[in-house]
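# Architecture at a glance
Here is what each chain is made of, one letter per residue.
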Amino acid sequence: MKKFLLHISGPSCSGKTTLSKILAEKIPDMFTVSSDKLKWQISDYDRERHGHLRKDIVFGLLETVCKLPLSILLDAPIFNEEDYKHIRQLAETHGHEYVGVRLETPHDILIERYTKRLAESKVSGMKLSIKSVEQYQQLLGVECYAPEHTASFDTYEMNPEDIANKILELLK
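For clarity, every value in this text was computed on a predicted model and none was experimentally measured.

### Points about helix α3 (residues 47-66)
Here α3 is 20 residues long and its end C-alpha atoms lie 27 Å apart, about the 28 Å a rise of 1.5 Å per residue gives. Within α3, the axis deviates most sharply at L53, by approximately 30 degrees. In the core, the buried residues of α3 are packed alongside β1 (4-9), β2 (30-34), α2 (35-39), β3 (71-75) and α4 (81-93). Where α3 starts, the residue carrying a side-chain oxygen 3.0 Å from the main-chain nitrogen of E48 turns out to be D46.

Here it is in structure tokens:
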């Protein structure tokens, strides 16, 4: 398999982490850069205080990993064309084929998933950076950026395993 940078984007609760785990089991020699996992490396992460640092950390790690002889799975939303171009340039500069994938889900389903996640976090103690359904709904109004040619999958209509298999076809 050729060296690639697979960028999975989409809103919170769209299934990025679930899909990333499935793909990590199927693709050898792949490093995952997860925006969600990296933010919690800041000991007292707070979306308002530290959100701007998150992108810098993701891009810094991505640049380092691009220099290695590994394929990369980037699990991170992007919000503008400039960031997309930066990620694509990093990939191409270091000999990776860029493959973008956007996960989509109807807003009512995303809100349902987030509500469930919020309830589970109260029982399990899992940390969430989005503290309420109201805050989550506001964030849904901020659209993730993806160029027109980006492969798109509806995680309400398709199961994660089928999406993973479609992505594997894109990587061939």
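### A short note on the pairing of β3
Among the five residues in β3, five count as buried, and that is most of the element. A two-sided burial pattern is seen for β3, the buried positions comprising S71, L73 and D75 on one face and I72 and L74 on the other. Note: β2 against β3, five bridges, orientation parallel. By the bridge assignment for β3, F31 is matched with I72.

Criteria and thresholds
Residues numbered from 1 in each chain as written. Predicted model: local features only at pLDDT ≥ 70, side-chain atom pairs only at ≥ 80, totals over all residues. Heavy atoms only, no water. Helix = DSSP H or I, 4+ residues; strand = E, 2+ residues; numbered from the N terminus. Expected span 1.5 Å × (residues − 1). Bend = angle between axes of the 7 residues up to and from the residue. Contact = heavy atoms within 4.5 Å. Polar contact = N/O pair within 3.5 Å; in protein donor to acceptor, adjacent residues only side chain to side chain. Buried < 20%, exposed > 50% of the residue type's maximum accessible area, 1.4 Å probe, protein only. Pairing = 2+ DSSP bridges.

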